[in-house]
Amino acid sequence: MKKMTILFLSFLLCFCMCSCGQKKDATGEEKKAVTESETESAAEEPGVSEAMPEFSVKDLEGNTVTNDIFSQADITVVNFWATYCSPCINEMPELNEWSESMPENAQIIGIAADVPSEESDQYALAQQVVEKTGVKFVNLLAGEEFNPLIREIVGVPTTFFVDSEGKFVGSPIVGADVAGYKSFVEGYLDALE
């Protein structure tokens with residue numbers, strides 16, 4: 001009995017230390033940040049869309065970005081992250097390094113899920129996160145066009161894979177799993193050859 005209690009308490013302690021917890025986004029809805037150990041497929045969730053929504057939003061540098069960004073590559077890795085999520089922020093340098101070594105027909109974009117506009121409280125914080133982590137790939141604000149998709153996400157980071165027409169391919173990955181993202185992209189590009 002004593003061993004079971006110690007085991008349970010150890011598990012509980014590990015769980016508490018690894019979790020980012022929940023935080024309300026700009027719409028007041030709670031969002032959960034997930035860790036590597038909580039990686040799962042969000043495709044099993046009911047209601048997940050088949051394609052990215054039509055959008056015209058600003059990036060963190062003030063440029064307007066539309067769905068046309070997907071036509072620039074055979075596959076785009078779309079990483080939803082949040083300013084309060086340590087696993088999201090911790091994987092950003094590795095994502096940036098990967099983005100710089102990707103073949104020309106692949107790209108990464110980030111979407112700051114808790115930053116709906118330049119007027120939001122988190123905007124400056126998101127810019128600081130990107131600067132501190134050295135990220136050079138495009139990071140979009142989560143304009144209202146993304147709200148239906150963000151409501152379907154079970155936690156951040158969540159990473160989707162999108163083809164050149166803006167349609168989802170494969171299953172999204174919930175949790176920080178750069179090795180998993182790379183594996184999917186490599187397999188997808190190999191299948192295109």
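Described in the following lines is the structure provided in the data block.

1. Quick notes on the environment of Glu144
Right, on to step 1. Following the sequence through the fold, Glu144 ends up in the loop between β8 (139-141) and α4 (147-152).
Right, on to step 2. Between the alpha carbons of Glu144 and Pro116 there is a distance of 6.8 Å; along the sequence they are 28 residues apart.

2. Topic: the pattern of salt bridges
Right, on to step 1. Under the defined criterion, the tally for this structure stands at one salt bridge.
Right, on to step 2. In this structure, the salt-bridge partner of Glu165 is Lys167, at a minimum N-O distance of 3.8 Å.

3. Quick look at the packing of aromatic side chains
Right, on to step 1. Under the defined criterion, the tally for this structure stands at seven aromatic pairs.
Right, on to step 2. Connected via pairs of aromatic rings, a cluster forms that spans Phe55, Phe70, Phe80, Phe146, Phe160 and Phe168.

4. Structural notes on unusual backbone geometry
Right, on to step 1. In this structure, Pro157 follows Val156 across a cis peptide bond, with omega equal to 0 degrees.
Right, on to step 2. Residue placement: Pro157 occurs in the loop between α4 and β9 (158-163).

5. Regarding the pairing of strand β6 (residues 75-81)
Right, on to step 1. With seven of seven residues buried, β6 lies mostly within the body of the structure.
Right, on to step 2. The side-chain alternation of β6 yields two buried faces, one formed by Ile75, Val77, Asn79 and Trp81 and the other by Thr76, Val78 and Phe80.
Right, on to step 3. Bridge count for β6 against strand β7 (residues 106-112) is seven bridges, and the pairing is parallel. Among the inter-strand pairings, Val77 is bridged to a residue of β7, identified as Ile108.
Right, on to step 4. Handedness of the crossover joining β6 and β7 through helix α2 (residues 86-101): right-handed.

About the criteria used
Residues numbered from 1 in each chain as written. Predicted model: local features only at pLDDT ≥ 70, side-chain atom pairs only at ≥ 80, totals over all residues. Heavy atoms only, no water. Helix = DSSP H or I, 4+ residues; strand = E, 2+ residues; numbered from the N terminus. Salt bridge = Lys/Arg side-chain N within 4 Å of Asp/Glu carboxyl O. Phe/Tyr/Trp six-rings, centres within 6.5 Å; stacked < 30°, edge-to-face > 60°. Buried < 20%, exposed > 50% of the residue type's maximum accessible area, 1.4 Å probe, protein only. Pairing = 2+ DSSP bridges. Right-handed = clockwise from strand over helix to strand, strands pointing away.

Function cannot be inferred from these measures alone, as they are strictly geometric.
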